Each structure stands twice: as structure tokens, then as C-alpha cells.
Amino acid sequence: MGLFDGLLGGRAADFDSGSAATNAIELTKRHHQVSLTKQGAATGHLRINLTWRMRTSDFGGSTRQSLLRHPFKALRPPEVLGHSQSMVNVDLDLGCMYELTDGTKGVVQPLGGFFGDVNSPPYVKLSGDDRFGSASGETIYVNLDHRDDIKRLLVFVYIYDQTPAFDRTHAIVTLYPSNGPRIEIGLDERHPQARSCAVVLIEKAKGGELVVRREVKFVYGFQAELDRLYGWGLQWGRGYKSKVDG
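Reference entry: report on the structure contained in this document. Note that the structure is a prediction, hence the values are computed from the model and not measured.

Focus on the overall build of the protein
Link 1 in the chain: Summing up its helical and strand segments, the protein has 2 helices and 14 strands in all.
Link 2 in the chain: Taking the intrachain contacts of the protein between residues at least 6 apart in sequence as the baseline, contacts between residues at least 24 apart amount to 71%.
Link 3 in the chain: Accessible area of the protein: about 12,800 Å², with a carbon and sulfur share of 49%.

And the structure:
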């Protein structure tokens, strides 16, 4: 789906929290929340994208030794390399637990083939399953024209059936609202044994305001543990994904 690849810049100046240079809002521990409603972005399609790269510290020996031999490298920003299946055996997946206002609950994720629907309940759809961390990554679309039907959404990332490697990857979840700057959440905390991470919660605050809140909570289990953490109450079982085509 390429319909929402670009942002319309007409309302970008209304976002006081955005950076003029990057046109982005970064959610951090200190600044962890932003209101889509106040920014006039609670309508249209919200695009949520996951991309990841391999940390370069996993290649080419010790970073400390490298800096001793080449001290000026300390002045350079850390380089991030794209990875392929041969470089790292990790498969990050993007998912979303949803709860609608009528009480319906469920999940959209590659595992089990729950890809959802953007024009009918749950108004959340996963487009594709990126196994190798390509530039386009994985994308979820949320139809905010049906925001009155949505109570809350929990966007999460998990490692499918492989060695935990959140400490060896640089992952970013980016939200692209229909208006204004993108919203970025980096998963840079080192949790080498974690298999899942609750990234962001989208829910209605008092007065019906639609709020995006940074979570970034790593757990050592899978979706069932995230479910317990946030009280979703779904039934979970072992799931599998189909083989990669080609």
C-alpha cells in the first residue's frame, strides 16, 4: 500500500513540538505523550511503521580497540548498517492489540495470519511481514475516521521464534498521522533476554481526546505476557508463520 507514503505539509507548522529540521516528534521518558486531537490529526489513516538495523558493534571487533587506534572515530555519529538474513538470525514483528468501544478485543499480527481490516472492525490492518529488516519495514494502518469505535490500541514488537536480540538491533517505531510531523519511538534500551516490547499505547483520554503515549516496556515472554501487563484478557496459544515466498 503506497497511498500514505508521503505526508501532507499543510498543517505541519501547527505542531509546536515538532522539529523544523526533521519534522518529527520524538517520544522519550521525559516527553512521553502527544495528543493527536490537539494537533488536528485524529482523523484519516494513521500509519505505524517498524524498521530495524543491526548494531555495528556486533561486527569488526572491539569498539574500544577501534577507538584507541582511530581516536577521531569518537567524533563521528554511530554508524548503523542494514542487515540481511546471513548477518543476524532475528525476525522482529510488529503487532497491535485492540479493544473497541463495543467490548471486542483481538490482535493484529503476522503470527497466525491476523492481518485485520482497515475499513471494517477492528479498523486496524497490518500490511506485509518483513522478515529481514528491509528499508520499508512492517506497517500497520489505523483508520481514525472510526476513532469513536476504538477504545485503545497497544502497539508492540516481538522477536519470532529466534534468539533474543533486542540488544543487537536498532529498532524504531514511527507513527505518521494524517497531518503534522511523524512521531518516533526508539527501542534503544538494552534488554538482551527480552522477547517482546510494548512500544506505544493509543487511547482516549478524558473528553474523548486521542492520545499517543510512549510505553517501551520490555518483557521476557511473548504476547501473553504483554496481555497480562495491560489487562487485555485474550486467550493465547502457540502460533506459526508461513514460509517465506521465493
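Next comes the rest of the write-up.
Focus: the nonpolar core
Link 1 in the chain: By size, the foremost hydrophobic cluster in this structure holds 43 residues, and its most contacted members are Ile 48, Val 142, Val 157, Phe 166, Leu 175 and Leu 187.
Link 2 in the chain: Not counting the four nearest positions on each side in its chain, Val 142 is found in contact with Gly 44, His 45, Leu 46, Ile 48, Tyr 123, Val 124, Ile 150 and Leu 153.
Link 3 in the chain: One finds Tyr 160, Leu 226, Trp 232 and Leu 234 within the second-largest nonpolar core, a separate group that totals 14 residues.

Brief notes about the environment of Ala 205
Link 1 in the chain: By secondary structure assignment, the location of Ala 205 is in the loop between strand E13 (196–204) and strand E14 (210–219).
Link 2 in the chain: Classification of Ala 205 by relative accessible area gives partly exposed; the value is 35%.
Link 3 in the chain: Taking the C-alpha atoms as reference points, Ala 205 and Lys 151, separated by 54 residues in sequence, lie 9.6 Å from one another.

Remarks on the pairing of strand E6 (residues 105–108)
Link 1 in the chain: Two strands pair when backbone bridges link them, and strand E5 (residues 92–100) and E6 are joined in this way by 4 bridges, in the antiparallel orientation. Bridge pairing links Tyr 98 to Gly 106 in E6.

A closer look at the pairing of E14
Residues in a regular strand point their side chains to alternate faces of the sheet.
Link 1 in the chain: Burial runs high along E14: 8 of the 10 residues are buried.
Link 2 in the chain: Relative to E14, strand E2 (residues 33–35) runs antiparallel, the two sharing 3 bridges. Across the sheet, the residue bridging to Val 34 is Val 212, located in E14.
Link 3 in the chain: In this structure, E13 lies alongside E14, joined through 8 bridges in antiparallel fashion. Within E14, the position partnered with Leu 201 by the bridge is Arg 213.
Link 4 in the chain: Adjacent in sequence and paired antiparallel, E13 and E14 are bridged by 5 residues, among which Gly 207 carries a positive phi angle near 85 degrees.

Let's talk about the sheet that holds E2
Link 1 in the chain: Read across the open sheet, the 6 strands follow the order E2-E14-E13-E10-E5-E6; overall the sheet is antiparallel. Looking at strand neighbours, the two that pair on one side only are E2 and E6, the edges of this open sheet. Strand-to-strand, the axes of this sheet are offset by a mean angle of 20 degrees, without reference to chain direction.
Link 2 in the chain: The strands touched by helix H2 (residues 223–230) are E5, strand E10 (150–159), E13 and E14; relative to E14, the strand with the most contacts, the crossing angle is about 125 degrees.

Considering the pattern of salt bridges
Link 1 in the chain: For the structure shown, the criterion picks out 9 salt bridges.
Link 2 in the chain: Lys 204 is paired through a salt bridge with Asp 148; the nearest N and O atoms lie 3.9 Å apart. Here Asp 148 lies in the loop between strand E9 (138–143) and E10 and Lys 204 lies in strand E13, a separation of 56 residues in the sequence.
Link 3 in the chain: Owing to a relative accessible area of 28%, Lys 204 belongs among the partly exposed residues under this scheme.
Link 4 in the chain: By relative accessible area, Asp 148 is classed as exposed at 58%.
Link 5 in the chain: The partner of Arg 213 in a salt bridge is Glu 203, with the nearest N and O atoms 2.9 Å apart. With a gap of 10 residues between them, Arg 213 in strand E14 and Glu 203 in strand E13 connect regions that are remote in the sequence.

Quick word on the packing of aromatic side chains
To describe a pair of aromatic rings, one takes the distance between the centres and the angle between the planes.
Link 1 in the chain: This model, assessed by the stated rule, comprises 2 aromatic pairs.
Link 2 in the chain: Measuring from centroid to centroid gives 5.8 Å for Phe 156 and Tyr 158, while their planes differ by 35 degrees, and the two rings are tilted. Residues Phe 156 and Tyr 158 agree in their burial class; the two are buried.
Link 3 in the chain: Taken together, a centroid distance of 5.2 Å and an interplanar angle of 80 degrees make the contact between Phe 166 and Phe 218 edge-to-face. Of the two residues, Phe 166 is situated in the loop between E10 and strand E11 (169–176) and Phe 218 in strand E14; the sequence distance between them amounts to 52 residues. You'll find Phe 166 and Phe 218 in the same group, each marked buried.
Link 4 in the chain: Across the ring face of Tyr 176, the terminal group of Arg 47 is positioned such that the distance to the ring centre comes to 4.0 Å.
Link 5 in the chain: Sitting above the plane of the Trp 232 ring, Arg 152 keeps its charged end 3.7 Å from the centroid.

Reading guide: rules and limits
Residues numbered from 1 in each chain as written. Predicted model: local features only at pLDDT ≥ 70, side-chain atom pairs only at ≥ 80, totals over all residues. Heavy atoms only, no water. Helix = DSSP H or I, 4+ residues; strand = E, 2+ residues; numbered from the N terminus. Contact = heavy atoms within 4.5 Å. Areas by Shrake-Rupley, 256 points an atom, 1.4 Å probe, with all protein chains shown as cover. Core = buried A, V, L, I, M, F, W, Y, C linked by side-chain atoms within 4.5 Å. Buried < 20%, exposed > 50% of the residue type's maximum accessible area, 1.4 Å probe, protein only. Pairing = 2+ DSSP bridges. Axes fitted to C-alpha atoms, helices over the stretch in contact; angles between N-to-C directions. Salt bridge = Lys/Arg side-chain N within 4 Å of Asp/Glu carboxyl O. Phe/Tyr/Trp six-rings, centres within 6.5 Å; stacked < 30°, edge-to-face > 60°. Lys NZ or Arg CZ within 6 Å of the ring centre and 35° of its normal.

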